[in-house]
Amino acid sequence: MNKRLPLGLGFVLLVLPCSLLVAFTHYPAVRAFINSLWNNASSRRPSRFVGFENYEAMIADDKLMQVLTNSGLYALGTIPLAIFLSISMALLVNSKFPATGLMRLSFFLPTMLPLVAVANIWLFFYAPGIGLASQMMNAIGLPTVNFLGSTETSLVSMMVVAVWKEAGLFMIFYLAALQAVPENLKDAARLEGAGPVRVFFDVIFPLLRPTTIFVAVNALINAFRLVDHIIVMTRGGPDNSSALLLFYIYEVTFRQRDFAYGATLTVLMVAILGVLAAFQFWVLDRKTHYQ
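This one's a predicted model, so the numbers in the text were calculated from it and none came from an experiment.

Cut-offs applied
The written sequence of each chain sets the order in which its residues are numbered from 1. At least 70 in pLDDT is required for a residue's local features to be given in this predicted model, at least 80 for side-chain atom pairs to be given and counted, and no such filter applies to totals for whole chains, interfaces and linings, which use all residues. Water and hydrogen atoms play no part in the side-chain values, which are based on all heavy atoms of the structure. Salt bridges are identified by distance alone: a Lys or Arg side-chain nitrogen within 4 Å of an Asp or Glu carboxyl oxygen. Helical segments are the DSSP runs of H or I of at least four residues, strand segments are the runs of E of at least two, and each set is numbered from the N terminus. For every residue, the accessible area obtained with a 1.4 Å probe (protein chains only) is divided by the maximum for its type, and the residue is called buried under 20%, exposed over 50%, and partly exposed between those limits. Two rings from Phe, Tyr or Trp (for Trp, the six-membered ring) form a pair when their centres sit within 6.5 Å of each other. Planes less than 30 degrees apart are called stacked, planes more than 60 degrees apart edge-to-face, and all others tilted. UniProt positions are given in the numbering used here, feature names are shortened, and annotations may be inferred rather than shown by experiment. Among buried residues, the Ala, Val, Leu, Ile, Met, Phe, Trp, Tyr and Cys ones that are joined through side-chain atoms within 4.5 Å form a nonpolar core. Contacts: residue pairs with any heavy atoms within 4.5 Å of one another. Every helix has an expected span of 1.5 Å times one less than the residues it contains. Within the patch definition used here, like charges are joined within 9 Å and nonpolar side chains (Val, Leu, Ile, Met, Phe, Trp, Tyr) within 5 Å, considering only residues with over 30% relative accessible area and no salt bridge. Per-residue and other accessible areas were derived by the Shrake-Rupley procedure at a 1.4 Å probe size, with only the shown protein chains allowed to occlude residues. Convention adopted: a line fitted to C-alpha atoms gives each axis, helices being fitted over their contacting stretch, and angles between N-to-C directions are expressed from 0 to 180 degrees. To sort the angles, those under 35 degrees are grouped as roughly parallel, those over 145 as roughly antiparallel, those from 65 to 115 as roughly perpendicular, and the leftovers as oblique. Two helices cross in a left-handed way if the nearer one is turned anticlockwise from the farther one by less than a right angle. They cross in a right-handed way if the turn is clockwise.

Colleague: What am I meant to see in the pattern of salt bridges here?
Modeller: Pairs can form between side chains of opposite charge once their charged atoms are near each other. For the structure shown, the criterion picks out five salt bridges. D187 is the salt-bridge partner of R190, the closest N and O atoms lying 3.0 Å from each other. Separated by three residues within a single helix, R190 and D187 lie in helix α8 (residues 183-191), roughly one turn from each other. The salt bridge partner of D202 is R198, with a shortest N-O separation of 2.6 Å. Within this pair, D202 and its partner R198 are both found in helix α9 (residues 196-207), separated by four residues, close to a single helical turn. A residue is classified by how much of its surface remains accessible, and D202, at 38% relative accessible area, is partly exposed. Classification of R198 as exposed rests on a relative accessible area of 52%.

Below, the structure is given as structure tokens:
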């Protein structure tokens, strides 16, 4: 016999997820926008309404422009490489080679590690003189490079860590997509004389397009939200060469104690992520199929 929930309890269970979303997502975003319209309070004077002065200061902030440039370069450097590696790993573990289960575990292991643990592992790897990277370069006759202490290499070094950390997670999405590709389409292409490369680019890769868009947009969002690795490894240095947007918000809000300007930067980040999310939902509605 089916038992129905009381009307009041059913309404509460229906509204509860929406209430949590409003309480922990929408309300903080609205509150950040309201706080961005006031100046920073101090022990001697209360906060006062200043309108869009914080946004004018944001436009004139040279450090913010550098941070946004770093975030853009970080995204352009990590997304294509992460997609390429994750597709390659997914193809490898989806094959009939022996020990594919062990390969899946080894590829996915970096994703399971805590962010701080990953940062400390790579700190040892990049340590000048004693790190594994320096030892490998000395072994082939190259001079030691301070990867995290140079403005030319710090951001690139952070990109390598991000790709190593994220590629295993993206591999899971591609593996699921590969296993959903109909076998009859690949068999039909082989009957027409297509080799493995043609089968991949003409049959498999078009069907991976929705997954590729999903991975690319999420990786782009992650590029603006990365903060853990930067705090542990570089603290945005040297000379702000590795500072990304969320780290700059953290620095302004909690180190400089400028809550009003931190709220303004938060509104900027929410706006950027909102545009990216809207783009994501618009593109993912377009599906690849064969007539």
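So much for the structure itself; the text now carries on.
Colleague: It is not clear to me how the packing of aromatic side chains should be interpreted in this structure. Could you clarify?
Modeller: Pairs of aromatic rings are described using the distance from one ring centre to the other and the angle between the two planes. Under the definition given, this model contains twelve aromatic pairs. Here W38 and F49 contribute two aromatic rings whose centre-to-centre distance is 5.8 Å and whose plane-to-plane angle is 80°, an arrangement assigned as edge-to-face. One end of the pair, W38, is in the loop between α1 (7-35) and α2 (53-59); the other, F49, is in the loop between α1 and α2, and eleven residues separate them in sequence. On the basis of an interplanar angle of 40° and a centroid distance of 6.2 Å, the ring pair of F247 and Y250 is categorised as tilted. Remark: Y250 and F247 occur in helix α12 (residues 245-255); sequence separation between them is three residues, near one turn of the helix.

Colleague: Would you explain the UniProt feature "transmembrane region" (unreviewed entry) in the chain in this entry?
Modeller: Mapped onto this numbering, the UniProt entry annotates "transmembrane region" (unreviewed entry) at residues 73-93, 105-127, 155-178, 199-221 and 259-284. Between the end C-alpha atoms of residues 73-93 the distance is 30 Å, and the span holds 100% helix and 0% strand. The span residues 155-178 is 100% helix and 0% strand, and its two end C-alpha atoms sit 33 Å from each other.

Colleague: Can you help me understand the nonpolar core in this one?
Modeller: Across soluble globular proteins, you tend to see nonpolar side chains buried next to one another. Counting 67 residues, the largest nonpolar core has L64, Y74, M233 and L265 as its most contacted members. Broken down by element, this core gets its largest block of residues, twelve residues, from helix α7 (residues 154-179). Residues in contact with L64, not counting those within four places in the same chain, are M58, L245, Y248, Y261, L265 and L268.

Colleague: I'm lost on unusual backbone geometry in this one. Help?
Modeller: Glycine aside, negative phi is the norm for most residues, and most peptide bonds take the trans geometry. Residues G237 and P238 are joined by a peptide bond in cis, for which omega reads -10°. Its identity is not glycine, yet R235 carries a phi of approximately 55°, on the positive side. Positive phi is not limited to glycine here, since R257 has a value of about 60°. Its place among the elements puts R257 in the loop between α12 and α13 (259-284).

Colleague: Explain helix α10 (residues 209-225) to me, please; I cannot follow it from the model alone.
Modeller: Within an α-helix, residues lying three or four positions from one another point in the same direction, as the helix has 3.6 residues per turn. Relative to the 24 Å expected for 17 residues at 1.5 Å per residue, α10 spans 24 Å between its end C-alpha atoms, a close match to the ideal helical length. Here α10 has its buried residues at T211, T212, I213, V215, V217, A219, I221, A223 and F224.

Colleague: What is the right way to read a nonpolar patch on the surface from this model?
Modeller: On the surface, V30, F33, I34, W38, F49 and F52 cluster together into a nonpolar patch covering about 590 Å² of accessible area. Its place among the elements puts F33 in helix α1.

Colleague: What is the right way to look at the environment of V12 in this model?
Modeller: Tracing the chain through its elements places V12 in helix α1. Residues V12 and W282, 270 residues apart in the sequence, show an inter-C-alpha distance of 31 Å.

Colleague: Looking at this structure, I do not really get the side chain of S71. What am I missing?
Modeller: Within the secondary structure, S71 is located in helix α3 (residues 62-93). Here S71 falls in the buried class, since its relative accessible area comes to 0%. Aside from chain neighbours lying at most four places away, what touches S71 is A223, F224, L244 and L245.

Colleague: Please explain the packing of α3 against helix α4 (residues 100-112) as it appears in this structure.
Modeller: The description of two packed helices rests on the angle between their axes and on the distance between the axes. Interhelical geometry of α3 versus α4 gives an angle of 155° and a closest axis separation of 9 Å. Relative to α4, α3 is oriented roughly antiparallel. As α3 runs across α4, the sense of the crossing is left-handed. Seen from α3, the contacting residues are M89, L92 and V93; seen from α4, they are T100, M103, R104 and F107.

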